[in-house]
Amino acid sequence: MTSSARPFLNRRLAEFGTTIFAEMSALAVATGSINLGQGFPDTDGPEAIREAAVRALRDGRGNQYPPGPGVPELRTAIAAHQERRYGLSYDPDREVLVTAGATEAIAATLLALVEPGDEVIALEPYYDSYAACIAMAGGTRVPVTLRPHEGSFRLDLEELRAAVTPRTRLLLVNTPHNPTGTVLTREELTAVARLAVERDLLVVTDEVYEHLVFDDAEHLPLASFPGMRERTVSIGSAGKTFSFTGWKVGWVTSTPDLVTAVRSAKQFLTYVASGPFQYAVAEALSLPDTYFEAFREDMRVKRDLLSAGLTEAGFKVFRPSGTYFVTTDIRPLGAVLSEGGDGFAFCRALPERAGVVAIPNAVFYDHREEGAPFVRFAFCKRTSVLEEAAARLKSLGSQRTVAHGAGR
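Rules used throughout
- The numbers attached to residues start from 1 for each chain and follow its sequence in the written order.
- Residues qualify for local features only when their pLDDT is at least 70, as the model is predicted, and side-chain atom pairs are given and counted only at 80 or more; totals for whole chains, interfaces and linings, by contrast, use all residues.
- The basis for every side-chain value is the complete set of heavy atoms in the structure, and neither hydrogens nor water enter the calculation.
- Counting from the N terminus, the helices are the DSSP runs of H or I reaching at least four residues and the strands are the DSSP runs of E reaching at least two.
- When accessible area is computed with a 1.4 Å probe and restricted to protein chains, residues below 20% of their type maximum are described as buried, those above 50% as exposed, and intermediate ones as partly exposed.
- Contacts were defined at the residue level, with two residues in contact if any of their heavy atoms lie within 4.5 Å.
- Using protein atoms alone on a 1 Å grid, points that fit a 1.4 Å probe yet trap it form a cavity, whereas open point sets bounded by protein on both sides within 12 Å along at least five of seven lines form a pocket; residues with an atom within 4 Å of a point count as lining.
- Grid points are joined across faces, edges and corners, and a volume is the space filled by probe spheres set on the points.
- Gly counts as polar in this scheme, as do all residues outside two lists: the nonpolar Ala, Val, Leu, Ile, Met, Phe, Trp, Tyr, Cys and Pro, and the charged Asp, Glu, Lys and Arg.
- UniProt positions are given in the numbering used here, feature names are shortened, and annotations may be inferred rather than shown by experiment.
- Two strands are counted as paired when DSSP detects at least two bridges linking them.
- Interaxial angles span 0 to 180 degrees and are taken between N-to-C directions of axes, which are lines fitted to C-alpha atoms, for helices over the stretch in contact.
- By definition here, a salt bridge exists when the distance from a side-chain nitrogen of Lys or Arg to a carboxyl oxygen of Asp or Glu is within 4 Å.

S.K.: Tell me about the side chain of Thr-241, and please be specific about residues and values.
M.R.: Among the secondary structure elements, Thr-241 is positioned in helix 8 (residues 239-242). By relative accessible area, Thr-241 is classed as buried at 4%. Beyond its immediate sequence surroundings of up to four residues, Thr-241 is in contact with Val-208, His-211, Tyr-291, Phe-292 and Phe-295.

What follows is the structure in structure tokens.
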């Protein structure tokens, strides 16, 4: 036992405790609830890609340390994917870096590019690792809030512009956006690009849901806009696209100087990871367009199934244009069931009330009051699971009637 009065945890991380995902997943197990909280599929991806990993293991490819930047086959496949999908040309040897998932890519990028005193603008609500990584780098996070507008969450471009100060180092942009499901439009991205060029800002783009856009939405990499190729670090991942989240294969594409900077930080994190899986992901990225189209259509159908169930249960549903999450407003359920619009209390009570687990969006906000009434559900599950979840959630309707009567 140390006699030091100083806390063990680095003060930069003092505000970050056990994640809400761990808490809610444990609650799902304890109550036998359907877990629509954490965003991982409950089925594996393509059999051919799983077999590609098995082949790599058997052939001894990747069983020892792979090259620091990633195996050449995967770096070449990533570059080919960016060229084929978006017309973005990258040198596989100098402008592509393989990481242990997008989470490490985010961490390495922010640790490499941000110094104490730098401000980092992030779209709020944001993936929870953003805040922790900015803190570890010693930066100051500056949230710009996406707010509900005509059935979706939209970016206020004037608020974004006003958030930029002389201390702003970079913009951290996530589109398609988790948790709201917003996909930034061409007009919005054009404005973001102009602002970055005008103020000479670096931009980090989290594009892990690039292949999950629905209806009329379109994923447009910010690096493809005028003046952005040389100032943008783009982050991608295999986990969300191919439903092998446990493989942890992500990547960074950017200029040689920016990739070198990120690699300088990354080499002291995992050094290397996921050797055999890198070869499998190289094959996955070469799958025909029919795979990506079928994957997207399957998720669209599941989105519609869960959205309909949530609407019938009494939630206000923000129909997502991308990702595999749907955000809801719990307030239409009434003051009693919605716990006064407190998403934390609602999510902690929901497993007992309906046998379903969700995540309170407020954990993704600095301005907790902005996200208080919003709750996120994941629809990357088997159809039968979503149907059962929708059926369980219907019970909230009768509970709402009882609660309303009791309040008279």
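S.K.: Provide a residue-level description of the layout of surface pockets, including the pertinent values.
M.R.: Within this model, the largest pocket holds a volume of roughly 1000 Å³. Forming the boundary of the largest pocket are 47 residues, of which Thr-19, Phe-21, Tyr-127, Asp-128 and Ser-129 lie nearest the centre. Contributing elements (two or more residues each) for the lining of the largest pocket: helix 1 (20-31), helix 4 (101-113), helix 5 (128-137), helix 8 and helix 12 (343-354). Here the element with the most residues in the lining of the largest pocket is helix 5; it accounts for seven residues. A per-class count over the lining of the largest pocket returns 23 nonpolar, 13 polar and eleven charged.

S.K.: Help me get a handle on the UniProt feature "domain: Aminotransferase class I/classII large" (unreviewed entry) in the protein chain, residues and values and all.
M.R.: Mapped onto the present numbering, the UniProt feature "domain: Aminotransferase class I/classII large" (unreviewed entry) falls on residues 34-393. Secondary structure across residues 34-393 comprises 41% helix and 18% strand; the distance between its end C-alpha atoms is 11 Å.

S.K.: Just give me the short version of the sheet that holds strand 8 (residues 202-206), but keep the residues and values in it.
M.R.: The sheet built from seven strands is open, its strands ordered 2-10-9-8-7-3-4 with mixed pairing. Unpaired on one side and paired on the other, strand 2 (96-99) and strand 4 (140-145) mark the two borders of the sheet. Each strand axis lies, on average, 20° off the axis of its neighbour in the sheet, ignoring direction. Alignment of strand 3 (residues 119-124) against strand 7 (residues 168-174), held across four bridges, turns out to be parallel. Paired with Ile-121 across the bridge in strand 7 is Leu-171. Sitting on the sheet, helix 3 (residues 72-86) is in contact with strand 2 and strand 10 (250-253), with an inclination near 115° to strand 2. Across the sheet, helix 5 lies against strand 3, strand 4, strand 7 and strand 8, angled at about 150° from strand 4, the strand it touches most.

S.K.: Give a description of the sheet that holds strand 15 (residues 374-378) that names residues and reports values.
M.R.: With antiparallel pairing, the four strands of this open sheet are ordered in space as 11-12-15-14. Only two strands of the sheet have a single partner each, and these edge strands are strand 11 (316-318) and strand 14 (359-360). Pairing of strand 14 with strand 15 involves two bridges; the strand directions are antiparallel. Bridge pairing in strand 15 places Pro-360 opposite Val-375.

S.K.: Give me the lowdown on the pattern of salt bridges, citing residues and values where you can.
M.R.: Under the criterion given, the structure shown has 28 salt bridges. A salt bridge links Arg-141 to Asp-366, with the nearest nitrogen and oxygen atoms 2.8 Å apart. Of the two residues, Arg-141 sits in strand 4 while Asp-366 sits in the loop between strand 14 and helix 13 (368-371), which places them 225 residues apart along the sequence. Asp-366 gets classed as partly exposed once you look at its relative accessible area, which sits at 31%. We note a salt bridge from Glu-388 to Arg-392, for which the minimum N-O separation is 2.9 Å. Here Glu-388 pairs with Arg-392, and both are found in helix 14 (residues 383-393), just four residues apart, close to one helical turn. Taking the relative accessible area as the measure of exposure, Glu-388 reaches 36% and is therefore partly exposed. One continuous salt-bridge network, built from bridges that share partners, spans Asp-215, Glu-297, Arg-300, Arg-303, Asp-304 and Arg-319.

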